[in-house]
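What follows is each chain in one-letter form.
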Amino acid sequence: MRTKDEENERNQRQRLLNAAWKLFYEKGYQNTTMDDILKEAGCSKGRFYYYFHAKGELLDSLYEVFDQKYEEFFAVLDSKRGAYDRLLALNRFMFDFMSEQIGVELLRNLYISQLSGTTGIGFWGENRSFRKILTRIVEDGMQNGELRTDMDVYEMVSDMIAEERSQLISWCLDGGKYPLTESSMPRLERFYIGYLKNAQSTMQCSR
């Protein structure tokens, strides 16, 4: 059980994250200063450095926000829906979240931080909630006979993430000039059809 002091520390750190997330989205990562964040969070500079070493560390810590959002969504996602429908619902939520609450400039900086090696956190790493949720849905789909079983779970999930990531990177490269969700979902629907059980049967018959 947390003490009152521990709860206060947790709340202060969360206020800093929330302030950073809001400002990065509204002003852009590069245009947001440390003073902007401190003012928005109502926090002193000394207190900030108690939790984080630099503004860049806040960028990494936003992955905690991502995980929390995905877990909250999955908790209310109807488990009686089929795996195909749940995969599409999860991705629609992810695309909406990225375009409406993260934005292209912040997303681009998150990718840059990974490509430049300035972060040890993997956007799509095995410890990320999005990958864990995908894995859970795929496992369920295989067990109930909806998804093909000639691939292992890890291989299928990795393929799905590669396709999802390509949609996000394309959106970033185009500067967010088109609606992410409306453009990406039809492509993912066609992509996911290839993992349905009848797709496996079709492939076996064609050999």
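Basis of the calculations
- In this convention, every chain numbers its residues from 1, walking through the sequence in written order.
- Per-residue local features are limited, in this predicted model, to residues with pLDDT of at least 70; the limit for side-chain atom pairs, both in listing and counting, is 80 or more; totals at the level of whole chains, interfaces and linings are taken over all residues.
- Only hydrogens and water are removed before side-chain values are computed, so all heavy atoms of the structure are retained for them.
- For the purposes of this entry, the term helix denotes a DSSP run of H or I that reaches at least four residues, the term strand denotes a run of E that reaches at least two, and both are numbered from the N terminus.
- Note on exposure labels: buried denotes an accessible area under 20% of the residue type's maximum, exposed denotes more than 50%, and partly exposed covers the range between, all computed with a 1.4 Å probe on protein chains only.
- Should any heavy atoms of two residues lie within 4.5 Å, those residues are considered in contact.
- Here a helix's expected span is defined as the number of its residues, less one, multiplied by 1.5 Å.
- The arc in question is the one spanned by the directions pointing from the helix axis to the C-beta atoms.
- In protein, a polar contact means a hydrogen-donor-capable atom and an acceptor-capable atom, both N or O and within 3.5 Å, with residues adjacent in sequence counting only if both atoms are side-chain atoms; elsewhere, any N or O pair within 3.5 Å suffices.
- Under this scheme, a helix contributes an axis fitted over its contacting stretch, all axes are lines through C-alpha atoms, and angles between N-to-C directions fall in the 0 to 180 degree range.
- Angles are sorted into four bins: roughly parallel if under 35 degrees, roughly antiparallel if over 145, roughly perpendicular if 65 to 115, and oblique for all others.
- Crossings are classed by handedness, with left-handed meaning an anticlockwise turn of the near helix from the far one by less than a right angle and right-handed meaning a clockwise turn.

A.B. asks: Requested: an account of the overall build of the protein, with residues and values cited.
C.D. replies: In terms of regular secondary structure, the protein is built from ten helices and zero strands. Helices and strands in the protein line up, N terminus first, as α-α-α-α-α-α-α-α-α-α. Overall size of the protein, expressed as C-alpha extent along the three principal axes, is 65 × 45 × 30 Å. Relative to its full complement of 207 residues, the protein shows a buried share of 43%. Within the protein, contacts between residues at least 6 apart in sequence are counted, and of these 70% link residues at least 24 apart.

A.B. asks: Outline helix α8 (residues 153-173), supporting the account with residue identities and numerical values.
C.D. replies: Here α8 contains 21 residues, and its C-alpha end-to-end distance of 30 Å stays within 8% of the 30 Å for a straight helix at 1.5 Å per residue. Within the sequence span of α8, burial applies to Val153, Met156, Val157, Met160, Ile161, Glu164, Gln167, Leu168, Trp171 and Cys172. Across the axial projection of α8, the buried residues extend over an arc of 150°, all falling on one side. Exposed residues on α8 whose side chains face more than 90 degrees from its buried face are Tyr154 and Leu173. Elements that come into contact with the buried residues of α8 comprise α5 (83-102), α6 (104-115), α7 (129-143) and α9 (180-193). The distance from a side-chain oxygen at the start of α8 to the backbone nitrogen of Tyr154 is 3.3 Å, and the residue carrying that oxygen is Asp152.

A.B. asks: Break down the environment of Trp124 for me, with residues and values.
C.D. replies: Here Trp124 lies in the loop between α6 and α7. Relative accessible area serves as the criterion here: at 9%, Trp124 is assigned to the buried category. As a C-alpha pair, Trp124 and Glu146 span 22 residues in sequence and 25 Å in three-dimensional space. With residues up to four places along the chain from it excluded, the contact list for Trp124 reads Met94, Tyr111, Phe130, Arg131, Ile161, Glu164, Arg165 and Leu168.

A.B. asks: So, the packing of α8 against α9: which residues are in play, and what are the values?
C.D. replies: The interhelical angle for the contact between α8 and α9, taken along N-to-C directions, is 155°, at an axis separation of 11 Å. When the axis of α8 is compared with that of α9, the two are roughly antiparallel. For α8 against α9, the interelement crossing comes out right-handed. Together, Asp159, Met160, Glu163, Glu164, Gln167, Leu168 and Trp171 of α8 and Leu180, Ser184, Arg187, Leu188, Phe191 and Tyr192 of α9 make up the contact between the two elements.

A.B. asks: Please set out α7 residue by residue, giving values where relevant.
C.D. replies: Along its 15 residues, α7 runs 21 Å from first to last C-alpha, staying within 8% of the 21 Å computed at 1.5 Å per residue. Of all the residues in α7, the buried ones are Ser129, Phe130, Arg131, Ile133, Leu134, Ile137, Val138, Gly141 and Met142. In this fold, the buried residues of α7 make contact with α4 (55-76), α5, α8 and α9. Gly145 occupies a position one or two residues after α7 and carries a positive phi of about 80°.

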